[in-house]
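A look at the structure
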Amino acid sequence: MGGGSGLLWIGRALIVFQLINGVLGWGKEGHFAVCKIAEGYLTEDALAAIKELLPDSAEGDLANVCSWPDEIRFHLRWSSPLHYIDTPDFKCNYEYCRDCHDSAGRKDRCVTGAIYNYTMQLKSAYQNSVSEAKYNLTEALMFLSHFIGDVHQPLHVGFTGDLGGNSIIVRWFRRKTNLHHVWDNMIIESALKTFYSSNITNMIQTIQWNITDGWANDISSWESCKNNHTVCPEPYASESISLACKYAYKNATPGSTLKDDYFLSRLPIVEKRLAQGGIRLAATLNRIFASQIKIAEA
Ligand code: ADE
Ligand code: ZN
Ligand code: ZN
């Protein structure tokens, strides 16, 4: 292989690597933040149930395994379409019946479908006291916690034609990447470096302060599901595609360079989505693991 073609090969390998990297959910930090925030809002019943279900590798902390579905995504290929849902190009709304299918057209194989499925698995095991293990509830808990995070990433509800921004090549400051990766990782990474001494705990603490301060009046509406449902991913997906249109795709055409003005105006959106993801994950787990006695008393 000549020197020129060697370089070309390395270049191609880097692009492939970036594309593979780009299709993951929120990056490790984003999922860690969502699950850490959720932990602070769990009831005792939910904490006890979760403790029983966590694998040893979690070391007792849900946040440690919230990225697990991304780690096995390419190994368990069937799980890959469950991380996102795409709408028809330039349609800024979401409809379950129209949009929830994989690329082969199989129904219910999308992030909102997966959230319903894993909620049902956990709830049926806990509330119908189904004693025989029909499902792997440890995996169900890790999938559900991860996918509630993913559905809050605006570009996980993006357009079909650009794969939720994965095929929109942009520059993030001086680095070549794609728009999807900017929203999964780069905004959070740059924020950590610029504002949080590269420490995710500092970022999480600031989001928690915002929750108890600026967003305090919104929490109950974030937590609630219409008609007393256990889980309600529909509004989360609708919010995401609407934010994708208004903020993610806006001024981020192929070949554009995104820098301070994009970063500083989108960071508050990302922080609010991490907060909403955490609050709603906790509310969902609390409903799933609420004991029957307490439900009857209510
Ligand atoms: N692949 C296709 N669409 C995608 C999306 N919206 N997010 C992540 N991966 C995808
Ligand atoms: Zn992603
Ligand atoms: Zn994911």
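Here is what the cut-offs are and how they apply
- Residues numbered from 1 in each chain as written.
- Chains lettered and ligands numbered in written order.
- Predicted model: local features only at pLDDT ≥ 70, side-chain atom pairs only at ≥ 80, totals over all residues.
- UniProt positions renumbered as here; feature names shortened; annotations may be inferred.
- Helix = DSSP H or I, 4+ residues; strand = E, 2+ residues; numbered from the N terminus.
- Pairing = 2+ DSSP bridges.
- pLDDT = per-residue confidence, 0-100.
- Contact = placed C-beta atoms within 7 Å.
- Core = buried A, V, L, I, M, F, W, Y, C linked by C-beta atoms within 7 Å.
- Buried ≥ 20, exposed ≤ 12 C-beta atoms within 10 Å, placed from the backbone.
- Arc of directions from axis to C-beta.

Naming follows an unreviewed UniProt entry, where the protein appears as Aspergillus nuclease S1 of Dipteronia sinensis. According to the UniProt record, the Sequence similarities (unreviewed entry) comment for the protein reads "Belongs to the nuclease type I family." UniProt, in its Catalytic activity (unreviewed entry) section for the protein, records the words "Endonucleolytic cleavage to 5'-phosphomononucleotide and 5'-phosphooligonucleotide end-products."

Okay, unusual backbone geometry next. Its identity is not glycine, yet E59 carries a phi of approximately 50 degrees, on the positive side. Locating E59 in the fold gives a position in the loop between α3 (44-53) and α4 (68-71). Even without glycine at this site, N228 takes up a positive phi of about 60 degrees. Mapped onto the secondary structure, N228 falls in the loop between α10 (219-223) and α11 (233-248).

Moving on: the pairing of strand β4 (residues 175-178). Pairing of strand β3 (residues 169-172) with β4 involves four bridges; the strand directions are antiparallel. From the neighbouring strand, I169 faces β4, where its bridge partner is N178. What sits between β3 and β4 in their antiparallel hairpin is a turn of two residues, with F173 showing a positive phi close to 55 degrees.

Now for the environment of P88. Along the chain, the position of P88 falls in the loop between β1 (85-87) and α5 (96-99). Sequence-wise, P88 and T160 are 72 residues apart; in three dimensions their C-alpha atoms are separated by 5.7 Å.

Bringing the confidence of the model for the protein into the picture now. When the pLDDT values of the protein are averaged, the result is 92; 88% of them are 70 or greater. Taken as a whole, residues 14-22 scores under 50 in pLDDT and shows nine contacts with residues more than four places along the chain or in a different chain.

In terms of nonpolar packing, the biggest core is built from 67 residues, with I37, V111, I115, L144 and F147 touching the most fellow members. In terms of residues, this core owes the most to one element, helix α12 (residues 260-288), which gives nine residues. With residues up to four places along the chain from it excluded, the contact list for F147 reads L82, V111, A114 and I115.

An α-helix turns once per 3.6 residues; consequently, residues spaced three or four apart project the same way. Within the sequence span of α11, burial applies to P233, Y236, A237, S240, I241, L243, A244 and A248. Angularly, the buried residues of α11 cover 160 degrees about the axis, an arc narrow enough to put them on a single face. Buried residues along α11 sit in contact with β1, α6 (111-127), β2 (157-159), α8 (179-195) and α12.

Bringing the environment of S79 into the picture now. Looking at the secondary structure, you find S79 in the loop between α4 and β1. Since 19 C-beta atoms lie within 10 Å of it, S79 is described here as partly exposed. Residues S79 and F143, spaced 64 residues apart in sequence, show a C-alpha to C-alpha distance of 9.5 Å. Look past the residues within four positions of S79 in its chain and what remains in contact with it is P69, I72 and R73.

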